[in-house]
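# A closer look at the structure
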Amino acid sequence: MAWNKLLLGALASLSLTVPFVHPGAPLATQQASCLPGEALLGLCPTIEAHAGDDGVTLRGSERRPGSGGGGGIGIPGGIAIPAPVDPYLVIRDGYTVTEPVTLSDLINFRPASGINHMEPNGWMIVGLDANFYASSATQVQTGELLGRPATVRFTPVTYRWSYGDGTAATLGTSGTTWAALGKTEFEPTATSHVYRTAGTYTVDLTIGFSAEYHYTGTEWIPIAGTVPVAANRLTVVIGGAKTLLVNQDCAAAPAGPGC
């Protein structure tokens, strides 16, 4: 028997994506032809196809060379079977099969950092709301992705502020100025923070960008996960406030005591 065609070693799970295949294409679960000895050992690879919006996913088994000392495996009766030279997987219809693109593949792409802002600028009063907000935007870059010209689009989706007082918040909004929100100074906002103790604090912002890519003539394909990018650090001085009684309206006498 042609023992040299048997898989020697454990089967490895395989999940592959066939890009650019119309979801209406006929799909089925296929079992590749194999020798009787392979069937006896349960080593016949199978392929299951599933259609999605961005292509067809093939899942099945792959046969790889064994890692035993003799380059093979033993079966009952003491017969040693040599390992095959190359991995084996039956792919039908001539489609090109690729693994999904991951964030680690974006070595030629990187979103620019955003800007961390605060109102009032650099100071605040204990117990009142300091308004933090970020400036960032969607970025489109071109370059080489897995050896092919591609376009990658980064979109800011999360904003994590670390306020320097032991607290932090991860939000889905960048926030904006009090004026843009139609609010007065020290009013609470979706991105404001209240300091309870006077002191000097450093405030860090990390923006998480989602990523999509496409090759020429294809639709945008999302990539799982987000890319964290640090923005500038702010230094904030928090102090107390004293209230003084005045004998005139500060609007009428702005130079008066307490104004």
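Here's a quick rundown of the structure. (Residues numbered from 1 in each chain as written. Predicted model: local features only at pLDDT ≥ 70, side-chain atom pairs only at ≥ 80, totals over all residues. Heavy atoms only, no water.)

## Re the pattern of salt bridges
For the structure on display, the rule yields two salt bridges. For arginine 153, the salt bridge is made with glutamate 212, and the minimal N-O distance between the two is 2.9 Å. Linking arginine 153 in strand S11 (residues 148-162) with glutamate 212 in strand S14 (residues 199-214), this pair joins segments that are 59 residues apart in sequence. The salt bridge involving arginine 233 is made with aspartate 204; its shortest N-O contact spans 2.8 Å. (Salt bridge = Lys/Arg side-chain N within 4 Å of Asp/Glu carboxyl O. Helix = DSSP H or I, 4+ residues; strand = E, 2+ residues; numbered from the N terminus.)

## Topic: the packing of aromatic side chains
On inspection of all chains with the given rule, the structure shows six aromatic pairs. Ring centres 6.3 Å apart and planes at 20° place the aromatic pair tyrosine 159 and tryptophan 161 in the stacked group. A relative accessible area of 6% places tyrosine 159 in the buried class. By relative accessible area, which is 0% here, tryptophan 161 ends up buried. An aromatic cluster of three or more residues is present, and its members are Trp123, Trp178 and Phe186. Lying across the ring of tryptophan 220, arginine 153 places its NZ or CZ 4.1 Å from the centre. (Phe/Tyr/Trp six-rings, centres within 6.5 Å; stacked < 30°, edge-to-face > 60°. Buried < 20%, exposed > 50% of the residue type's maximum accessible area, 1.4 Å probe, protein only. Lys NZ or Arg CZ within 6 Å of the ring centre and 35° of its normal.)

## A closer look at the nonpolar core
By size, the foremost hydrophobic cluster in this structure holds 33 residues, and its most contacted members are Leu106, Phe132, Leu145, Phe154, Trp161, Val203 and Tyr213. Mapped onto this core, the elements with two or more residues apiece are strand S9 (129-135), S11, S14, strand S15 (221-230) and strand S16 (234-239). No other element matches S14, which puts seven residues into this core. (Core = buried A, V, L, I, M, F, W, Y, C linked by side-chain atoms within 4.5 Å.)

## Overview of unusual backbone geometry
Following glutamate 119, the chain continues into proline 120 via a peptide bond in cis, with omega recorded as -15°. If you trace the backbone, proline 120 turns up in the loop between strand S7 (115-119) and strand S8 (123-125). Of note, the phi angle at leucine 146 is positive, near 55°, even though the residue is not glycine. With respect to the helices, strands and loops of the structure, leucine 146 is situated in the loop between strand S10 (139-145) and S11. If you check the backbone angles, phenylalanine 186 has positive phi at about 75° while not being a glycine. For phenylalanine 186, the location among the structural elements is in the loop between helix H2 (178-181) and strand S13 (192-194).

## Remarks on the sheet that holds S9
The strand order across the open sheet formed by three strands is S7-S9-S13, and the pairing between neighbours is antiparallel. Where the open sheet ends on each side, the last strands, each with one partner, are S7 and S13. Put simply, the sheet's adjacent strands are angled 30° from each other on average, direction ignored. Here S9 pairs with S13 via three bridges, running antiparallel. Considered in S13, the bridge of alanine 130 is made with histidine 193. (Pairing = 2+ DSSP bridges. Axes fitted to C-alpha atoms, helices over the stretch in contact; angles between N-to-C directions.)

## Points about the side chain of threonine 151
By secondary structure assignment, the location of threonine 151 is in strand S11. In this structure threonine 151 comes out as buried when scored by relative accessible area, which is 15%. In contact with threonine 151, not counting residues within four places along its chain, are Val140, Gln141, Thr142, Glu212, Tyr213, His214 and Trp220. (Contact = heavy atoms within 4.5 Å.)

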